[in-house]
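Fold and contact review
If you want the building blocks of each chain, they are given just below.
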Amino acid sequence: MSRIVILSGVTEVDDPWHDFTATSQAIADCLEDAGWTCTVESTGRCDRAGLTHADLLIVNSGLASPPGPGTEPSAVLLDHLASDRPVLGVHAAANTFGAVPAWARRLGVRWAEGVSMHPPIGRQRLTPAAGTVLAGLDEVTVHDELYSHLELLRPADVLLAHPLDGRDHPLVLARSEGRQRTVYDALGHGVESYASATRRELLRREVRWLLDEG
């Protein structure tokens, strides 16, 4: 049984826009319903999260989630980021761990202050890219924020995108380098996102690919 650790931001502490407590639990519920075992712990308690033995790391945290400026990153976090074990960053994870260059390198995408933005939150209908691990998932219908104008640091396959201002903006990016697999999923602003059956299926497909479970 694969072991998944979800590192979560702390609601109303790490940023004022996201209920990390609720969304991290929604992620865990979605994956446990599919048979995986999940542990949820705050980002400031990496050493107590069982990350050393995790098969997959999921990060669901925000701007002020530790480790931040002036904070020494946990060795177990750095070890996981440098390893071949998979990583999934969700939504505001593109705007977290600003003092940990290894995080930005591994995720391959980040929120660029003054450049990145999102249209008003609302009901979205999104079409996954054909010929990818999302084949057969014809549409993702979800109430969510759509991040736009993110800074892409490394090449990756775009699995899901949305049109804005005459161009497509990636929402789900997947990268495989040797045995190392990484996904960034920009959806997941609130629990409403995880109320969508197609959004939950999207998340589960990402995890199956990351864990190489077919």
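As shown above, the structure is provided for reference.
Cut-offs applied
Residues numbered from 1 in each chain as written. Predicted model: local features only at pLDDT ≥ 70, side-chain atom pairs only at ≥ 80, totals over all residues. Heavy atoms only, no water. Buried < 20%, exposed > 50% of the residue type's maximum accessible area, 1.4 Å probe, protein only. Helix = DSSP H or I, 4+ residues; strand = E, 2+ residues; numbered from the N terminus. Arc of directions from axis to C-beta. Polar contact = N/O pair within 3.5 Å; in protein donor to acceptor, adjacent residues only side chain to side chain. Contact = heavy atoms within 4.5 Å. Core = buried A, V, L, I, M, F, W, Y, C linked by side-chain atoms within 4.5 Å. Pairing = 2+ DSSP bridges. Axes fitted to C-alpha atoms, helices over the stretch in contact; angles between N-to-C directions.

Next up on the list: helix α2 (residues 75–82). Working note: α-helix, 3.6 residues per turn, so residues spaced by three or four point in the same direction. Turning to α2, its buried residues are Val-76, Leu-77, His-80 and Leu-81. Down the axis of α2, the buried side of the element spans an arc of 135°, and every buried residue falls inside it. Facing away from the buried surface of α2 by more than 90 degrees, the exposed residues are Ala-75 and Ala-82. A side-chain oxygen of the first residue of α2 lies 3.3 Å from the backbone nitrogen of Val-76; this N-cap is Ser-74.

Moving on, we come to the environment of Ile-58. In this structure, Ile-58 sits in strand β3 (residues 56–60). Residues Ile-58 and Arg-205, 147 residues apart in the sequence, show an inter-C-alpha distance of 14 Å. The contacts of Ile-58, once residues within four sequence positions are left out, are Ile-4, Val-5, Ile-6, Leu-7, Ile-27, Leu-31, Leu-88 and Val-90.

In this section: the nonpolar core. Of all hydrophobic cores here, the largest spans 61 residues; its most connected members are Ile-4, Leu-31, Ile-58, Trp-103 and Leu-187. Top contributing element to this core by residue count: helix α1 (residues 20–32), with 6 residues.

What the 7 strands build is an open sheet, ordered β2-β1-β3-β4-β11-β10-β9; its pairing is mixed. The sheet terminates laterally at β2 (37–42) and β9 (157–164), the two strands that pair on one side only. With direction set aside, neighbouring strand axes in the sheet form an average angle of 15°. Here 6 bridges tie strand β10 (residues 167–177) to strand β11 (residues 180–185), and the two strands are oriented antiparallel to one another. Across the sheet, residue Ser-176 finds its bridge partner in β11, namely Arg-181. Along the sheet, helix α5 (residues 197–210) contacts β1 (3–8), β3, β4 (87–90), β9, β10 and β11; its crossing angle with β11, the most-contacted strand, is approximately 165°.

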